[in-house]
Amino acid sequence: MLALLGAVPQVRAVDPVPPPLLLAEVLQGDVDVNRYWVSEKLDGARAVWDGRSLRFRSGRPVHAPAWFIAGLPPEPLDGELWIARGRFDALSGIVRRQVPRDADWRQVKYMVFEQPDGAGTFTDRIESLRTVVARAGVPWLQMVEQFRVADRQALQARLDEVVAGGGEGLMLHRDDALYVTGRSDALLKLKPLFDAEARVVGHLPGKGRLSGLLGALQVETPTGLRFELGTGLSDAERRNPPPVGSLVTYQYRALTPDGVPRFASYLRRREAF
(Lines give C-alpha, C1' and ligand atoms only; values in the text may rest on other atoms or scores of the structure.)
Protein backbone atom coordinates (compact mmCIF):
# COMPACT_ATOMS: atom_id res chain seq x y z
CA MET A 1 0.00 0.00 0.00
CA LEU A 2 2.83 2.40 0.85
CA ALA A 3 4.48 1.69 -2.48
CA LEU A 4 1.27 2.60 -4.28
CA LEU A 5 0.91 5.81 -2.38
CA GLY A 6 4.47 6.83 -3.19
CA ALA A 7 7.11 8.36 -0.99
CA VAL A 8 6.06 10.66 1.81
CA PRO A 9 7.17 14.22 0.91
CA GLN A 10 9.89 15.64 3.14
CA VAL A 11 9.05 18.91 4.90
CA ARG A 12 12.04 21.26 4.97
CA ALA A 13 12.52 23.25 8.14
CA VAL A 14 11.92 26.95 7.62
CA ASP A 15 14.73 29.21 8.82
CA PRO A 16 13.61 31.68 11.49
CA VAL A 17 13.13 35.27 10.42
CA PRO A 18 15.13 37.70 12.59
CA PRO A 19 12.92 40.43 14.05
CA PRO A 20 13.76 43.99 12.96
CA LEU A 21 15.82 45.64 15.69
CA LEU A 22 17.55 48.92 16.42
CA LEU A 23 21.33 48.37 16.27
CA ALA A 24 23.93 50.68 17.76
CA GLU A 25 26.68 52.69 16.14
CA VAL A 26 29.98 53.29 17.97
CA LEU A 27 30.25 56.56 19.87
CA GLN A 28 32.91 58.68 18.20
CA GLY A 29 33.55 62.29 17.32
CA ASP A 30 31.95 65.35 18.87
CA VAL A 31 28.64 64.08 20.26
CA ASP A 32 26.52 66.21 22.57
CA VAL A 33 25.90 63.69 25.37
CA ASN A 34 23.28 65.97 26.92
CA ARG A 35 20.90 64.83 24.18
CA TYR A 36 21.14 61.18 25.24
CA TRP A 37 19.81 58.86 27.89
CA VAL A 38 22.56 56.54 29.14
CA SER A 39 22.34 52.96 30.40
CA GLU A 40 24.68 50.09 31.15
CA LYS A 41 25.39 47.72 28.26
CA LEU A 42 24.33 44.34 29.60
CA ASP A 43 26.20 41.21 28.54
CA GLY A 44 23.17 38.98 28.04
CA ALA A 45 21.06 37.44 25.28
CA ARG A 46 18.93 39.92 23.40
CA ALA A 47 15.28 38.90 23.20
CA VAL A 48 12.17 40.48 21.69
CA TRP A 49 8.66 40.02 23.05
CA ASP A 50 5.81 40.67 20.57
CA GLY A 51 3.01 40.29 23.10
CA ARG A 52 2.64 36.55 22.47
CA SER A 53 6.05 34.97 21.95
CA LEU A 54 9.64 35.60 23.04
CA ARG A 55 12.35 35.31 20.37
CA PHE A 56 16.10 35.70 20.20
CA ARG A 57 17.77 38.16 17.86
CA SER A 58 18.08 35.31 15.33
CA GLY A 59 14.32 34.81 15.32
CA ARG A 60 14.57 31.47 17.14
CA PRO A 61 12.10 30.95 19.98
CA VAL A 62 13.18 31.31 23.59
CA HIS A 63 12.16 28.14 25.40
CA ALA A 64 11.33 29.84 28.68
CA PRO A 65 9.09 28.25 31.34
CA ALA A 66 5.36 28.86 30.99
CA TRP A 67 5.28 30.95 34.19
CA PHE A 68 8.02 33.24 32.84
CA ILE A 69 6.07 33.89 29.64
CA ALA A 70 2.76 34.24 31.47
CA GLY A 71 4.14 37.14 33.50
CA LEU A 72 4.98 39.25 30.45
CA PRO A 73 2.56 42.01 29.37
CA PRO A 74 0.62 42.26 26.09
CA GLU A 75 2.79 45.19 24.94
CA PRO A 76 5.88 44.49 22.74
CA LEU A 77 9.26 44.73 24.48
CA ASP A 78 12.94 44.64 23.55
CA GLY A 79 15.64 43.80 26.05
CA GLU A 80 18.23 41.37 27.37
CA LEU A 81 17.86 38.07 29.18
CA TRP A 82 20.43 38.55 31.92
CA ILE A 83 21.62 37.20 35.26
CA ALA A 84 24.42 39.47 36.45
CA ARG A 85 27.74 40.95 35.39
CA GLY A 86 30.21 38.26 34.40
CA ARG A 87 27.55 35.53 34.17
CA PHE A 88 27.11 35.34 30.39
CA ASP A 89 28.26 31.71 30.11
CA ALA A 90 25.80 30.59 32.77
CA LEU A 91 23.01 32.61 31.16
CA SER A 92 23.81 31.13 27.74
CA GLY A 93 23.59 27.59 29.05
CA ILE A 94 20.21 28.25 30.65
CA VAL A 95 18.43 30.02 27.79
CA ARG A 96 19.70 27.70 25.04
CA ARG A 97 18.10 24.58 26.54
CA GLN A 98 15.16 23.19 24.56
CA VAL A 99 13.57 22.01 27.81
CA PRO A 100 13.78 24.80 30.41
CA ARG A 101 14.70 24.16 34.02
CA ASP A 102 12.57 26.17 36.40
CA ALA A 103 15.26 26.46 39.07
CA ASP A 104 17.74 27.87 36.55
CA TRP A 105 15.24 30.32 35.06
CA ARG A 106 14.51 31.75 38.54
CA GLN A 107 17.91 33.50 38.18
CA VAL A 108 17.06 35.08 34.83
CA LYS A 109 15.66 38.58 34.41
CA TYR A 110 14.25 40.14 31.27
CA MET A 111 15.84 43.59 31.35
CA VAL A 112 13.93 45.79 28.89
CA PHE A 113 15.18 49.01 27.30
CA GLU A 114 12.91 49.64 24.33
CA GLN A 115 9.29 49.43 23.25
CA PRO A 116 9.11 48.30 19.59
CA ASP A 117 6.86 50.55 17.51
CA GLY A 118 6.17 52.63 20.63
CA ALA A 119 4.77 56.11 20.12
CA GLY A 120 6.63 59.35 20.64
CA THR A 121 10.26 60.02 21.45
CA PHE A 122 12.59 57.74 23.38
CA THR A 123 11.89 59.87 26.46
CA ASP A 124 8.19 59.15 25.98
CA ARG A 125 8.86 55.45 25.57
CA ILE A 126 10.89 55.36 28.79
CA GLU A 127 7.83 56.55 30.70
CA SER A 128 5.64 54.05 28.88
CA LEU A 129 8.05 51.22 29.72
CA ARG A 130 8.05 52.17 33.39
CA THR A 131 4.26 51.92 33.42
CA VAL A 132 4.24 48.59 31.57
CA VAL A 133 6.85 47.01 33.87
CA ALA A 134 5.16 48.29 37.04
CA ARG A 135 1.78 47.01 35.86
CA ALA A 136 3.19 43.53 35.12
CA GLY A 137 4.49 43.34 38.70
CA VAL A 138 6.73 40.27 38.30
CA PRO A 139 10.33 40.22 39.59
CA TRP A 140 11.79 38.73 36.39
CA LEU A 141 10.65 41.69 34.28
CA GLN A 142 12.72 44.79 35.01
CA MET A 143 13.65 47.98 33.23
CA VAL A 144 17.25 48.88 32.47
CA GLU A 145 18.12 52.05 34.40
CA GLN A 146 18.25 55.12 32.16
CA PHE A 147 20.13 58.15 33.43
CA ARG A 148 21.64 61.44 32.26
CA VAL A 149 25.20 62.74 32.40
CA ALA A 150 26.32 66.37 32.41
CA ASP A 151 29.23 66.10 29.95
CA ARG A 152 31.84 63.82 28.37
CA GLN A 153 33.91 63.83 31.55
CA ALA A 154 30.95 62.56 33.58
CA LEU A 155 30.24 59.97 30.89
CA GLN A 156 33.82 58.69 31.03
CA ALA A 157 33.68 58.55 34.83
CA ARG A 158 30.52 56.45 34.66
CA LEU A 159 32.11 54.15 32.06
CA ASP A 160 35.16 53.67 34.30
CA GLU A 161 32.88 52.84 37.23
CA VAL A 162 30.88 50.27 35.25
CA VAL A 163 33.97 48.58 33.79
CA ALA A 164 35.71 48.49 37.20
CA GLY A 165 32.66 46.67 38.53
CA GLY A 166 32.79 44.02 35.83
CA GLY A 167 30.37 45.67 33.40
CA GLU A 168 30.82 45.79 29.64
CA GLY A 169 30.18 49.42 28.74
CA LEU A 170 27.46 52.01 28.18
CA MET A 171 24.65 52.62 25.69
CA LEU A 172 23.43 56.09 24.70
CA HIS A 173 19.96 56.56 23.21
CA ARG A 174 19.05 59.99 21.80
CA ASP A 175 16.18 61.43 23.81
CA ASP A 176 14.17 62.77 20.85
CA ALA A 177 14.53 59.66 18.66
CA LEU A 178 11.40 58.09 17.22
CA TYR A 179 11.36 54.31 17.07
CA VAL A 180 13.45 53.02 14.16
CA THR A 181 15.10 49.72 13.23
CA GLY A 182 18.44 48.98 11.61
CA ARG A 183 21.79 50.53 12.47
CA SER A 184 21.32 54.13 13.57
CA ASP A 185 23.14 56.90 15.42
CA ALA A 186 20.01 57.24 17.54
CA LEU A 187 21.68 54.49 19.58
CA LEU A 188 25.40 54.58 20.41
CA LYS A 189 27.65 52.21 22.34
CA LEU A 190 30.70 53.13 24.39
CA LYS A 191 33.17 50.46 25.51
CA PRO A 192 36.84 50.43 26.49
CA LEU A 193 37.34 47.86 23.72
CA PHE A 194 35.47 47.40 20.46
CA ASP A 195 34.09 44.03 19.47
CA ALA A 196 33.07 42.44 16.19
CA GLU A 197 32.35 39.06 14.65
CA ALA A 198 34.22 36.96 12.11
CA ARG A 199 33.90 33.48 10.64
CA VAL A 200 36.52 30.80 11.34
CA VAL A 201 38.17 29.72 8.08
CA GLY A 202 41.15 27.78 9.41
CA HIS A 203 43.05 26.35 12.38
CA LEU A 204 46.77 27.10 12.69
CA PRO A 205 48.90 24.66 14.77
CA GLY A 206 50.63 25.79 17.92
CA LYS A 207 54.35 25.72 18.62
CA GLY A 208 56.44 25.33 21.75
CA ARG A 209 54.15 25.16 24.78
CA LEU A 210 51.19 25.00 22.44
CA SER A 211 52.58 22.12 20.38
CA GLY A 212 49.72 19.73 19.63
CA LEU A 213 47.15 22.43 20.36
CA LEU A 214 45.60 25.22 18.36
CA GLY A 215 48.00 28.11 17.88
CA ALA A 216 45.58 30.57 16.31
CA LEU A 217 42.26 30.84 14.54
CA GLN A 218 42.29 32.15 11.01
CA VAL A 219 39.14 34.24 10.64
CA GLU A 220 37.41 36.25 7.94
CA THR A 221 35.26 39.35 8.45
CA PRO A 222 32.03 40.00 6.52
CA THR A 223 34.05 42.30 4.23
CA GLY A 224 36.47 39.49 3.31
CA LEU A 225 39.40 40.62 5.48
CA ARG A 226 41.39 37.70 6.90
CA PHE A 227 43.61 37.77 9.98
CA GLU A 228 44.67 35.55 12.88
CA LEU A 229 43.31 35.35 16.41
CA GLY A 230 45.97 33.83 18.65
CA THR A 231 45.34 35.47 22.03
CA GLY A 232 42.41 35.18 24.39
CA LEU A 233 42.00 31.41 23.91
CA SER A 234 42.09 29.12 26.93
CA ASP A 235 43.91 25.78 26.78
CA ALA A 236 40.51 24.05 26.77
CA GLU A 237 39.49 26.11 23.75
CA ARG A 238 42.79 25.31 22.06
CA ARG A 239 42.13 21.59 22.57
CA ASN A 240 38.58 21.92 21.24
CA PRO A 241 38.54 25.08 19.10
CA PRO A 242 35.51 26.65 17.41
CA PRO A 243 35.01 24.66 14.21
CA VAL A 244 35.65 26.02 10.74
CA GLY A 245 32.51 27.82 9.61
CA SER A 246 31.47 28.98 13.08
CA LEU A 247 31.14 32.63 14.09
CA VAL A 248 33.33 34.03 16.86
CA THR A 249 33.40 37.36 18.66
CA TYR A 250 36.71 39.17 19.10
CA GLN A 251 37.81 42.39 20.78
CA TYR A 252 40.23 45.00 19.50
CA ARG A 253 41.50 48.47 20.40
CA ALA A 254 41.47 50.20 17.02
CA LEU A 255 41.81 49.62 13.29
CA THR A 256 44.93 50.12 11.17
CA PRO A 257 44.65 52.34 8.05
CA ASP A 258 44.08 49.08 6.13
CA GLY A 259 41.18 48.16 8.40
CA VAL A 260 42.97 45.40 10.31
CA PRO A 261 42.01 45.15 14.01
CA ARG A 262 44.84 46.14 16.36
CA PHE A 263 45.55 43.83 19.33
CA ALA A 264 42.68 41.53 18.36
CA SER A 265 41.80 38.97 21.03
CA TYR A 266 39.35 36.06 20.96
CA LEU A 267 36.37 36.60 23.24
CA ARG A 268 33.93 33.73 22.67
CA ARG A 269 32.14 31.63 20.10
CA ARG A 270 29.06 33.46 18.82
CA GLU A 271 26.07 31.58 20.13
CA ALA A 272 23.25 30.95 17.66
CA PHE A 273 20.56 32.55 19.86
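This text goes with the structure placed above it.
Anyway, here's the lowdown on the structure attached to this text. All values derive from a computational prediction rather than experimental measurement. (Residues numbered from 1 in each chain as written. Predicted model: local features only at pLDDT ≥ 70, side-chain atom pairs only at ≥ 80, totals over all residues. Heavy atoms only, no water.)

1. A few points about the sheet that holds strand E8 (residues 170-174)
Taken together, the four strands give an open sheet; going across it, the order is E1-E9-E8-E2, and neighbouring strands pair in mixed fashion. Edge positions in the open sheet fall to strand E1 (22-26) and strand E2 (36-40), since each of these has one partner strand only. The mean angle between the axes of side-by-side strands here comes to 40 degrees, regardless of whether they run parallel or antiparallel. As judged from the five bridges shared by E1 and strand E9 (residues 182-190), these two strands associate in the parallel manner. Counted as the bridge partner of Val 26 is Lys 189 from E9. Across the face of the sheet, helix H6 (residues 152-164) comes into contact with E2, E8 and E9 while running at roughly 140 degrees to E8. (Pairing = 2+ DSSP bridges. Helix = DSSP H or I, 4+ residues; strand = E, 2+ residues; numbered from the N terminus. Axes fitted to C-alpha atoms, helices over the stretch in contact; angles between N-to-C directions. Contact = heavy atoms within 4.5 Å.)

2. Some remarks on the sheet that holds strand E4 (residues 54-56)
Hydrogen bonds between backbone groups are what pair the strands of a sheet, and the pairing can be parallel or antiparallel. Taken together, the five strands give an open sheet; going across it, the order is E4-E3-E5-E6-E7, and neighbouring strands pair in mixed fashion. The sheet terminates laterally at E4 and strand E7 (141-143), the two strands that pair on one side only. Going from strand to strand, the sheet's axes swing by 35 degrees on average, the running direction of each strand aside. Sheet analysis places strand E5 (residues 77-82) next to strand E6 (residues 109-114), joined by five bridges and oriented antiparallel. If you follow Gly 79 over to E6, its bridge partner there is Val 112. With respect to the sheet, helix H3 (residues 88-95) is in contact with strand E3 (45-49), E4 and E5, its orientation differing from that of E5 by roughly 110 degrees.

3. Describing the packing of aromatic side chains
In this structure the tally under the stated criterion is seven aromatic pairs. Between the aromatic rings of Tyr 250 and Tyr 252, the centroid separation amounts to 5.9 Å while the plane-to-plane angle is 40 degrees, which identifies the pairing as tilted. In this pair, the class of Tyr 250 matches that of Tyr 252, namely buried. A connected cluster of aromatic rings, assembled from ring pairs, spans Trp 67, Phe 68, Trp 105 and Trp 140. Residue placement shows Arg 158 over the ring face of Phe 147; its charged tip is 3.8 Å from the ring centre. Against the face of Phe 88 rests Arg 268, its NZ or CZ located 3.9 Å from the ring centre. (Phe/Tyr/Trp six-rings, centres within 6.5 Å; stacked < 30°, edge-to-face > 60°. Buried < 20%, exposed > 50% of the residue type's maximum accessible area, 1.4 Å probe, protein only. Lys NZ or Arg CZ within 6 Å of the ring centre and 35° of its normal.)

4. Regarding the nonpolar core
Phe 68, Leu 81, Trp 105 and Tyr 110 are the most contacted members of the largest nonpolar core, which totals 30 residues. Listing elements by their share of this core, those giving two or more residues are E3, E4, helix H2 (66-70), E5, H3, E6, helix H5 (122-136) and E7. When residues of this core are assigned to their parent elements, the largest contribution, five residues, is made by H5. Ranked by size, the runner-up nonpolar core spans 14 residues in total, among them Leu 27, Phe 147, Leu 155 and Leu 170. (Core = buried A, V, L, I, M, F, W, Y, C linked by side-chain atoms within 4.5 Å.)

5. Description of the pairing of E2
A large share of E2 lies buried, amounting to five of its five residues. Neither face of E2 is exposed, since Tyr 36, Val 38 and Glu 40 on one face and Trp 37 and Ser 39 on the opposite face are all buried. Inspection of the sheet shows E2 paired to E8 by five bridges, in the antiparallel sense. Each residue of the ladder has a partner; that of Tyr 36, found in E8, is Arg 174.

6. Some words on the pattern of salt bridges
In this structure the tally under the stated criterion is 17 salt bridges. Between Arg 148 and Asp 175 there is a salt bridge whose closest N-O contact spans 3.2 Å. Taken together, the residues Arg 148 in the loop between E7 and H6 and Asp 175 in the loop between E8 and E9 connect sequence positions 27 residues apart. For Arg 148, a relative accessible area of 38% corresponds to the partly exposed category. One continuous salt-bridge network, built from bridges that share partners, spans Arg 35, Arg 174, Asp 176 and Asp 185. (Salt bridge = Lys/Arg side-chain N within 4 Å of Asp/Glu carboxyl O.)

7. Focus on the pairing of strand E12 (residues 226-229)
Judged by which residues are buried, E12 turns out to be one-sided: Phe 227 and Leu 229 face inward and are buried, whereas Arg 226 and Glu 228, on the alternate face, are not. Relative to E12, strand E11 (residues 214-220) is paired through four bridges, and the arrangement is antiparallel. The residue bridging Gln 218 from the neighbouring strand is Glu 228, located in E12. What sits between the antiparallel neighbours E11 and E12 is a turn of five residues, in which Gly 224 has the positive phi angle 95 degrees.

8. Notes on the side chain of Asp 78
Considering the arrangement of structural elements, one finds Asp 78 in strand E5. When its relative accessible area of 1% is taken as the criterion, Asp 78 is described as buried. At a separation of 2.7 Å, a polar atom in the side chain of Asp 78 contacts the side chain of Arg 46. If we ignore the near neighbours within four places in the chain, the residues touching Asp 78 are Leu 21, Arg 46, Ala 47, Val 48, Tyr 110, Val 112, Phe 113, Glu 114 and Pro 116. (Polar contact = N/O pair within 3.5 Å; in protein donor to acceptor, adjacent residues only side chain to side chain.)

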